[in-house]
Structures are given as C-alpha cells and as structure tokens.
Amino acid sequence: MSFFQDKKIAIPGGNGFVGGYVTARLEGLGAKVFVPKHSDGWDFTKEADAKKLYLQDTFDMVINCAAFQGGIGFHTGKQGDLYFSNLLMGTYLLQFAEEAGVKKFVNIVAGCSYPGYTNHEELKEEEYWDGKVHESIFSYGFARKATVVQGLALFKQHNFNSIHLILANLYGPGEHFNPDQSKALAGLIKKFYEAKKGNFPSVEIWGSGKPVRDWLYVKDAVEGILKAAESYNQVEPLNIASGVGISITDLALIIKRIVGYEGELVYNTEKPDGAMRKMFSVKNMQEKLHWLPETKLELGIAETVEWLDKNYEYAITH
Ligand SMILES: NC(=O)c1ccc[n+]([C@@H]2O[C@H](COP(=O)([O-])OP(=O)(O)OC[C@H]3O[C@@H](n4cnc5c(N)ncnc54)[C@H](OP(=O)(O)O)[C@@H]3O)[C@@H](O)[C@H]2O)c1
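Residue positions are counted from 1 within each chain, in the order its sequence is given. This being a predicted model, a pLDDT of at least 70 is required before a residue's local features are given, and a value of 80 or more before pairs of side-chain atoms are given or counted; all residues contribute to the totals for chains, interfaces and linings.

(A) Summary view of the packing of helix α1 (residues 17–28) against helix α6 (residues 218–231). Only C-alpha atoms enter the line fits that serve as axes; for helices the fit covers just the stretch in contact. Angles between N-to-C directions range over 0 to 180 degrees. Each helix corresponds to a stretch of at least 4 residues labelled H or I by DSSP, and each strand to a stretch of at least 2 residues labelled E; elements are numbered beginning at the N terminus. Orientation of α1 relative to α6, taken along the N-to-C sense of each, is 60°, at an axis distance of 10 Å. In the crossing of α1 with α6, the sense of the turn from one axis to the other is right-handed. Judged by residue contacts, F17, V18, Y21, V22 and R25 of α1 engage V218, K219, A221, V222, I225 and L226 from α6. When residues are grouped by polarity, Ala, Val, Leu, Ile, Met, Phe, Trp, Tyr, Cys and Pro land in nonpolar, Asp, Glu, Lys and Arg in charged, and all others, Gly among them, in polar. Residue classes in the contact of α1 with α6 are distributed as nine nonpolar, no polar and two charged. Two helices cross in a left-handed way if the nearer one is turned anticlockwise from the farther one by less than a right angle. They cross in a right-handed way if the turn is clockwise. With C-beta atoms placed from the backbone, a contact is any residue pair whose C-beta atoms sit within 7 Å.

Structure below.
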C-alpha cells in the first residue's frame, strides 16, 4: 500500500472506534494524517468548522468516520438529534470537500441505511434504494443514506470522486462497551463476562435471538476501507462485510464458550429485534477489491474479550 505514502489525509472521527484504526494504519503506511478531534472542539454539525477543516491543508483524501451513533437502544429518545447531527455533519463535510478541491472523499456508511424489511438472502448494492430503512434506526439510517445521494449529485454536477462504503456490523478491541453506545456483540460479551465474574445464574438476551447479522472484525474492515480508498472510484455504494451471517443466539453461544460461562440464556422478547436479517453480499467487494476478510469470528471475539478483560474500567464507560 505504498499508494498512501505522503498522502495528505483528513480523518473526521479519527479518534472514534473505526477512525482510530484507520488513522493508526495510515500513519503506519506513511500517510500525513490530520485528525480533527471532537474533544478538541471540532464540531462538524457547524458549517464554520467543516469549512475550517479544509483550510488546514490541501487534502488528497478525506476518510469520513465522524458520526453521532450507538446501538439500537441508543436511538430511543434521540431520533431527532440523530437525524439533525448526522445530516448536517455528512452534508457539510462532503460539500466543502468538493468546494475545496479534495481529490477523493471516502464516506463510511452503516448497513442500517439499507432497506430494513427485505426478505432477500443478502443485501445487494443494486437494491440499496429499494425500500424503507428499518424503523428502529430510521433517522440515523436515512441521514447517512442522504450523504450517498449527495455523493451522486456532486458526481453528476462536478464529477467529484466520492465513494460510499456500506459497512457491516463491526466489532473488535477498543469498541464501545458502555450500555448506551455498545452494539449487540459487545453488549453480549460484557454480559457474559460480568455473569462469569459475578457467578450469575443467567444472561439476558435482547429480543428473540433470531435476527441474523454479519460481523466484520474492525482490523479487516480497515483493510477493506483502505483497499477501496486506493482503488475503488465509483460513486455507487460498495459493501464491506464478512459475507457470513450468524443469529444472535449462535453468536451468544460462541461468546459464552469463549468467556467460559456455564449459566443459562434467558430471552427478553420485550426488547426490539431490529431488522430480522442483515447479511451483505460480498460479490462486488470481491470483484472490485480482489479481497475478502481473513479473521475468523471466534478469533476476533477472543481478542475482543481479552481486550475487555485488560481494559474493563475504561471499556465500560467508553
Ligand atoms: N461501529 C460499527 O459497528 C459500525 C458498523 C458499520 C458502520 N459504522 C460507521 O462507521 C462510522 C464510525 O463509527 P464508529 O463506530 O467509529 O463510531 P464512534 O466510535 O462513535 O466514532 C465516531 C467519531 O465521530 C466523532 N463525532 C461525533 N460527533 C461529532 C461532531 N459533531 N463533530 C465532530 N466529530 C464528531 C466522535 O467524537 P466523540 O467520540 O468525541 O464524540 C468519534 O470520534 C459511522 O458512520 C458508523 O455508522 C460503524
């Protein structure tokens, strides 16, 4: 990946979960990375801050990992904030990148921007526009999807090169374990880990345990993102995923085994399932990037559990 050597790359959200890994990998590849941290006062819901970003340097590339987001429970009571923040952030960052002459904009988008009620085996890029996003995450999913429309509009009007990578659910060391922001996999790891430590008789699983998800190890996701950043130059969305689906129950059983917990699973069907099936087609990814993720789910989970064990106090508040 000598392509990235000395490239000037801005990474909004570069100290978040995904952005942190992208930043570290690019620095290792010799890129000149600029990370405008939210904690340092950068706020991309503000037009002035998004404009100011592009005055810092003439960037070859932007990899946009900034988002205001969390797991399915995070959305309750924040639907309007999620819409407003993410729509503004995405819109300003993309619009002013084009105006500033950035050569390429890599937009990191979540799978929840796909139609949420499809019965299809897999989510295919060709069907990205074919239905409503799921009600459980509708405002976030739609706001992120709007940036894909914007990318198409800027391509048609100005020939601007933006790419839109639709990522599966991610997991790995360093992810959010605080109950507000954690996703299903991290939430399950935390529950089994604490149940083992506390000798609890059972672990509660949210929903029916039936929804199927595609889990991509974060280090693999970064390889996919960087391969696309280097060589994919089409405005049509591209999935970055493992291509392997697993139900919440099967996922829970794997985590239970890795953690070494011996109690029962109890289902709380009062809690939402979300979309029943979110499996991504990786056909285009394989064809365009000549790449498939390598990390087996069991190995990635074991590394994540090990990280939680070493960083528990930090992890559960982060
Ligand atoms: N994690 C996943 O499972 C997953 C799966 C698929 C796609 N994605 C996508 O990947 C992207 C990044 O997700 P992530 O998991 O890395 O999230 P994250 O850990 O929450 O990181 C998001 C980053 O954006 C920053 N940010 C939030 N609001 C901002 C604002 N107003 N101005 C400037 N920066 C702001 C955050 O800063 P603070 O933390 O300081 O607020 C954080 O650094 C999102 O588009 C997400 O949808 C994630």
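(B) Layout of the packing of helix α3 (residues 79–100) against helix α4 (residues 138–158). For the pair α3 and α4, the least separation of the axes is 8 Å and the interaxial angle reads 20°. Between α3 and α4, the angle falls in the class roughly parallel. You can see that α3 and α4 cross each other, and the crossing is right-handed. On the side of α3, the interface is formed by Q79, G80, L82, Y83, N86, L87, G90, T91, L94 and E98, while α4 contributes S139, Y140, A143, R144, A146, T147, Q150, G151, L154 and H158. Residue composition of the contact of α3 with α4, grouped by class: eight nonpolar, 10 polar and two charged. Roughly parallel means an angle under 35 degrees; roughly antiparallel means over 145; roughly perpendicular covers 65 to 115; every other angle is labelled oblique.

(C) Examining the sheet that holds strand β2 (residues 32–34) more closely. Two strands qualify as a pair provided that DSSP identifies no fewer than 2 bridges between them. If you trace the six strands from one edge of the open sheet to the other, you get β2-β1-β3-β4-β5-β9, paired in parallel fashion. Looking at which strands have only one partner, the edges of the open sheet turn out to be β2 and β9 (238–240). Recorded for the sheet is a direction-independent mean angle of 25° between the axes of neighbouring strands.

(D) Up close: unusual backbone geometry. One non-glycine residue, N159, lies in positive phi territory at about 60°. Relative to the assigned elements, N159 resides in the loop between α4 and β5 (162–167). Take N159: there are 9 C-beta atoms within 10 Å of it, and that puts it in the exposed class. Even without a glycine there, the phi angle at H290 is positive, about 50°. Here H290 is to be found in the loop between α8 (283–289) and α9 (297–310). For every residue, the other C-beta atoms within 10 Å of its own C-beta are counted; 20 or more classify it as buried, 12 or fewer as exposed, and values in between as partly exposed. C-beta atoms are placed from the backbone.

(E) Spotlight on α6. By this rule the span expected of a helix is its residue count minus one, scaled by 1.5 Å. Taking 1.5 Å per residue as the helical rise, α6 with its 14 residues ought to reach 20 Å, and the 20 Å between its terminal C-alpha atoms agrees with that figure. Here α6 lies mainly inside the structure; 10 of its 14 residues are buried. Within the sequence span of α6, burial applies to V218, D220, A221, V222, E223, G224, I225, L226, A228 and A229.

(F) The arrangement of the site of the ligand in detail. Taken together, 27 residues sit near the ligand, with G13, G16, H38, A67 and A110 positioned nearest. Put simply, the parts of the chain that give the shell around the ligand at least two residues each are α1, α3, β4 (104–110) and β6 (169–171). Residue contributions to the shell around the ligand peak at three residues, all from α1. Its residues assigned to classes, the shell around the ligand shows 14 nonpolar, 11 polar and two charged. Nearness rests on one distance test: the residue's C-beta atom, set from the backbone, must lie within 6 Å of the molecule or strand.

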